[in-house]
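# Structural overview for review
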Amino acid sequence: MEFLIWGGAALSLAGLTLLVWSIVKVAKARAAQLEDEALRAVIARAMPLNLGGLLLSVFGLMLVIFGIWLG
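All values derive from a computational prediction rather than experimental measurement.

Counting its regular elements, the protein contains two helices and zero strands. The principal-axis extent of the C-alpha atoms belonging to the protein is close to 55 × 15 × 10 Å. Here the protein holds 71 residues, and 23% of them are scored as buried. Residue pairs at least 24 apart in sequence account for 86% of intrachain contacts in the protein once pairs closer than 6 positions are excluded. In the form shown here, the protein has an accessible surface area of approximately 5,200 Å², with 75% of it arising from carbon and sulfur atoms. Mean positive and mean negative side-chain charge positions of the protein (5 and 4 charges, respectively) differ by 3 Å.

Structure (structure tokens):
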């Protein structure tokens, strides 16, 4: 079941990368001091990336726990 653990860790790392990318994207937009509507548009585009990264991280951690439980 070691492949579940390493696969889950890789999936969690991919999710974490998406989370960090979306945070950096919004932080750059806030630092640019965009208008309210432009900032809302950037945040609206970053939201699916944020939620997708969170979902990947959760699934990856579930695979890790499942792999440890089966091992």
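What follows concerns the UniProt feature "transmembrane region" (unreviewed entry) in the protein. Sequence positions flagged by UniProt for "transmembrane region" (unreviewed entry) are, in local numbering, residues 47-70. Here residues 47-70 runs as 100% helix and 0% strand, with 35 Å between its end C-alpha atoms.

Moving on, we get to helix 1 (residues 2-31). With 30 residues, helix 1 should cover 44 Å at 1.5 Å per step; its first-to-last C-alpha distance of 43 Å lies within 8% of that length. Those residues of helix 1 that sit buried are L4, G8, S12, G15, L19, S22, V26 and A29. Packing partners of the buried residues in helix 1 comprise helix 2 (36-70).

What counts, and at which threshold
Residues numbered from 1 in each chain as written. Predicted model: local features only at pLDDT ≥ 70, side-chain atom pairs only at ≥ 80, totals over all residues. Heavy atoms only, no water. Helix = DSSP H or I, 4+ residues; strand = E, 2+ residues; numbered from the N terminus. Buried < 20%, exposed > 50% of the residue type's maximum accessible area, 1.4 Å probe, protein only. Contact = heavy atoms within 4.5 Å. Areas by Shrake-Rupley, 256 points an atom, 1.4 Å probe, with all protein chains shown as cover. Lys, Arg positive; Asp, Glu negative; His and termini not counted. Charge placed at Lys NZ, Arg CZ, Asp CG, Glu CD. UniProt positions renumbered as here; feature names shortened; annotations may be inferred. Expected span 1.5 Å × (residues − 1).

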